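Summary of structural features
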Amino acid sequence: MDLTKTQPICVAGEWRLGGGDRYATLYPATGEPAAWLNAASLADVEEAIQGADRAFRTSGWAQRKPHERASVLYNVATLIRKRSEELAQLQRLDNGKPISETRALVASAAGTFQFFAAACETLEETLTPMRGDNLTMSVYEPMGVVAAITPWNSPIASEAQKMAPALAAGNAVVVKPAEVTPLLALELARICEEAGVPRGLISVLPGKGSVIGDAITQHPLVRRVSFTGGTTTGKHIAHIAADKMMPVSLELGGKSPTMVFEDADIDHAVAGVLYGIFSSSGESCIAGSRLFVAQVIYDVFMERLAAGAAALRVGDPASERTQMGPLITARHREGIESYVALGLEEGGRLRTGGLRPQGEAFDKGFFYTPTIIEDVRNDMRICQEEIFGPVLVAMPFDNEQDLVDQANDSVYALAAGIWTRDYKKAWRIGRAVQAGNVWINTYKQFSISTPFGGWRDSGLGREKGRLGILQYMEQKAMYWGL
Ligand code: NAD
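Rules behind the numbers
Counting of residues starts from 1 at the beginning of each chain's written sequence and follows it residue by residue. Side-chain atom pairs in this predicted model are given and counted only at pLDDT of 80 or more, local residue features only at pLDDT of at least 70, and totals for whole chains, interfaces and linings cover all residues. UniProt positions are given in the numbering used here, feature names are shortened, and annotations may be inferred rather than shown by experiment. By the criteria applied, helices consist of DSSP H or I runs no shorter than four residues and strands consist of E runs no shorter than two, each listed in order from the N terminus. The reference for a compact globule is 2.2 Å times residues^0.38; the radius of gyration itself is calculated from the C-alpha atoms. The burial criterion counts other C-beta atoms lying within 10 Å of a residue's C-beta, which is placed from the backbone; the residue is buried at 20 or more, exposed at 12 or fewer, and partly exposed between these limits. For the domain bounds, the source is a domain assignment made automatically or taken from a database. Note on contacts: residues are paired as contacts if their backbone-placed C-beta atoms lie within 7 Å. Classes in brief: Ala, Val, Leu, Ile, Met, Phe, Trp, Tyr, Cys and Pro nonpolar; Asp, Glu, Lys and Arg charged; the others, Gly included, polar. Near, for a residue, is defined by distance from a backbone-placed C-beta atom to a molecule or strand, with 6 Å as the limit that must not be exceeded. To estimate how far a helix should reach, multiply one less than its number of residues by 1.5 Å. The nonpolar core is taken to be a set of buried Ala, Val, Leu, Ile, Met, Phe, Trp, Tyr and Cys residues joined by way of C-beta atoms within 7 Å. Axis lines are fitted through C-alpha atoms, for helices just across the contact stretch, and the angle between N-to-C directions can take any value from 0 to 180 degrees. Throughout, the term roughly parallel applies to angles under 35 degrees, roughly antiparallel to angles over 145, roughly perpendicular to angles from 65 to 115, and oblique to all others. Only strands joined by at least two bridges in the DSSP assignment are considered to pair. Left-handed describes a crossing in which the near helix is turned anticlockwise from the far one by less than a right angle; the clockwise case is right-handed.

The name an unreviewed UniProt entry assigns to the protein is Aldehyde dehydrogenase (NAD+), from the organism Noviherbaspirillum humi. For the record of the protein, the UniProt heading Sequence similarities (unreviewed entry) holds the text "Belongs to the aldehyde dehydrogenase family."

Structure (structure tokens):
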């Protein structure tokens, strides 16, 4: 991608300047423009969706044999791997994550295409034994045009998780990346074309969610929306979907509890809790942002944790040594600062962080220090609302039932972490906690073969897993009279 030029967007296979306003994406480490582009216009949306529908009906993609579609998706994985360093550097510019994290996200995108290529090849349809005079078959069909709406915190990985199964299933895909991080979605579309996905089947439409995302969701030819983002936006999309009788999957926010018991391996737990909240600058739906520590080890544990947080290397995302980069935008940092101020107003006590790091290296970027707030109660806003930044709230507990009740006392139910050496306790708490994902003596570990999603305000539906491809297909029963 030549970043000295205004980036074209992809409208039904045509690469051209968007019809909307020109804007710059900013490199969060310096606040300076990383790329210039024109947002999509409503006319682009219409053209992209009509073109996607045409490509779905005429390109023959849906009719190709599963192994033929799979071979194209394997090519996508290979091309991502060939260009992995370039893509990782581009993502660093796009959202400011440290290079060690962007490399992992690019690798995960390649793995996702490889996985869904295999899922496509191995999808089984069923033939039911004769019942009376009928032989019945249950088959799966692609839906047509599906939309992938993604947030800014994990570009390329988020898009791959939607595009790979949607394409594997035989659909056309209209991608709406976050306005501030469009570059990886655009590059992934180019890679898909180069790998052999028919032109027109993919469009990428950067722009404002309330305009472009909304128009895509409302469009009658869009048969499914797979959305990752905030809960308020997710609920809005769910309302539109209800009116259209359109299936949706919603991967939304979280305020995930992490529970450390007195018998935990303390070194391991300290490292895991720090990683759970401060990796990706806490800009992660599954961030372990609510910490509960057994009263008997609370002081010792918090001492170690606060020292660990203060020692994290915050800085230049291009450096291999950096552990935490900047936040995505100046505005998002202001939002986080208001939450910290609110937490202190509510009676919380700042244990560490709570400020912008000082020094020339930090002057222009959107940096913030790893922050821990203690002396809070679970019912305070700072403990209930998603901050989506490097802010951890910590509380002691001395009773298992009370702990479970507090952990579950949240509108969110996306993830939970448990640190203990007692496997029976881990099982008991793991079953009692309400969450789509529970990590025991680890955190933020993923497998593409394991379904991912949240309960309650954290979402609807599951992504990933071998059956993730079925989200993008309709089931059809066929009866043969014999
Ligand atoms: P957001 O909801 O503001 O935006 C997400 C996407 O939706 C963007 O592309 C945006 O442009 C688009 N959008 C906004 N308004 C829209 C509308 N009215 N109609 C259609 N599309 C619209 O979220 P964000 O700030 O980009 O991302 C942060 C949120 O995403 C956090 O709440 C985080 O927890 C959540 N998230 C969830 C997961 C998960 O898998 N559960 C993963 C990553 C992020």
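Some details on the overall build of the protein
Tallying secondary structure elements over the protein gives 14 helices and 23 strands in all. In terms of overall dimensions, the protein is globule-like: its C-alpha atoms have a radius of gyration of 23 Å, near the 23 Å expected for 482 residues. Across its three principal axes, the protein shows a C-alpha extent of roughly 70 × 65 × 40 Å. Buried residues in the protein amount to 54% of all 482 residues.

Observations regarding the domain arrangement of the protein
Domain assignment breaks the protein into domain 1 (6-252 + 454-477) and domain 2 (257-440). For domain 1 and domain 2, the distance between their C-alpha centres works out to 31 Å. Between domain 1 and domain 2, the residue contacts involve 21 residues of the former and 27 residues of the latter. Among the elements that make up the side of domain 1 that touches domain 2, the one with the highest residue count is helix H4 (residues 99-122) (3 residues). Class assignment of the residues belonging to the side of domain 1 that touches domain 2 gives a composition of 7 nonpolar, 8 polar and 6 charged.

A look at the site of the ligand
Taken together, 29 residues form the shell around the ligand, and within it Pro151, Gly209, Gly213, Gly229 and Cys285 come nearest. Mapped onto the shell around the ligand, the elements with two or more residues apiece are helix H7 (209-218) and helix H8 (231-244). Ranked by the residues each element gives to the shell around the ligand, the list is headed by H7, at 5 residues. Both domains that furnish three or more residues to the shell around the ligand are identified here as domain 1 (6-252 + 454-477) and domain 2 (257-440).

So, the environment of Asp2
By secondary structure assignment, the location of Asp2 is in the segment before strand S1 (6-7). Residues Asp2 and Trp36, 34 residues apart in the sequence, show an inter-C-alpha distance of 10 Å.

Here's the deal with helix H9 (residues 266-278)
A rise of 1.5 Å per residue sets the reference length of H9, with its 13 residues, at 18 Å; its end C-alpha atoms lie 18 Å apart and thus fit the reference within 8%. Those residues of H9 not exposed but buried are Ala269, Val270, Gly272, Val273, Leu274, Gly276, Ile277 and Phe278. Of the surrounding elements, those touching the buried residues of H9 are strand S13 (257-260), strand S14 (290-294), helix H10 (298-311), strand S17 (391-397) and strand S19 (415-419).

Let's talk about the nonpolar core
Counting residues in each nonpolar core, the largest one holds 87 residues, and the members touching the most others are Ala52, Leu73, Phe113, Phe116, Ala168, Val173 and Val174. Ranked by residues supplied to this core, first place goes to H4 with 10 residues. Those residues in contact with Ala52 that lie beyond four places of it in its chain are Ala12, Val145, Ala172, Val174, Gly200, Leu201 and Ser203.

Digging into the packing of helix H2 (residues 66-82) against H4
The N-to-C vectors of H2 and H4 enclose an angle of 170°; their axes lie 8 Å apart at closest approach. The orientation of H2 relative to H4 falls into the category roughly antiparallel. Touching Pro66, His67, Arg69, Ala70, Leu73, Tyr74, Val76, Ala77, Ile80 and Arg81 of H2 are Val106, Ala109, Ala110, Phe113, Gln114, Phe116, Ala117, Ala118, Cys120 and Glu121, all from H4. For the contact of H2 with H4, the residue count by class is 15 nonpolar, 2 polar and 3 charged.

Thoughts on the UniProt feature "active site" (unreviewed entry) in the protein
The positions UniProt marks with the feature "active site" (unreviewed entry) are Glu251. By secondary structure assignment, the location of Glu251 is in strand S12 (residues 248-251). Apart from the residues within four sequence positions on either side, Glu251 is in contact with Phe227, Thr228, Cys285, Gly453, Gly454, Gly459 and Glu463.

Focus: unusual backbone geometry
Even without being a glycine, Met245 presents a positive backbone phi close to 50°. Relative to the elements of secondary structure, Met245 occurs in the loop between H8 and S12. For Met245, a count of 6 C-beta atoms within 10 Å gives the class exposed. In this structure, Ser280 is a non-glycine residue whose phi angle is positive, near 55°. Position of Ser280 among the secondary structure elements: in the loop between H9 and S14. On the basis of neighbour counts, which here come to 25 C-beta atoms within 10 Å, the residue Ser280 falls in the buried class.

Quick notes on the UniProt feature "domain: Aldehyde dehydrogenase" (unreviewed entry) in the protein
Mapped onto the present numbering, the UniProt feature "domain: Aldehyde dehydrogenase" (unreviewed entry) falls at residues 19-477. The distance separating the terminal C-alpha atoms of residues 19-477 is 43 Å; by composition the span is 40% helix and 21% strand.

Structural notes on the sheet that holds S1
Pairing within the open sheet is mixed, and its 3 strands lie in the order S1-S5-S4. Where the open sheet ends on each side, the last strands, each with one partner, are S1 and strand S4 (22-27). When S4 meets strand S5 (residues 32-38), the two strands line up antiparallel, connected through 6 bridges. Across the sheet, residue Arg22 finds its bridge partner in S5, namely Asn38.

Examining the packing of H2 against helix H6 (residues 183-195)
At a minimum axis separation of 8 Å, H2 and H6 run at an interaxial angle of 125°. Put simply, H2 runs oblique to H6. Considering how the two elements wind past one another, H2 and H6 form a crossing that is right-handed. Of the residues in H6, those in contact with Val72, Asn75, Val76, Leu79 and Ile80 of H2 are Ile191, Cys192, Glu194 and Ala195. The residue inventory of the contact of H2 with H6, partitioned by class, reads 7 nonpolar, 1 polar and 1 charged.

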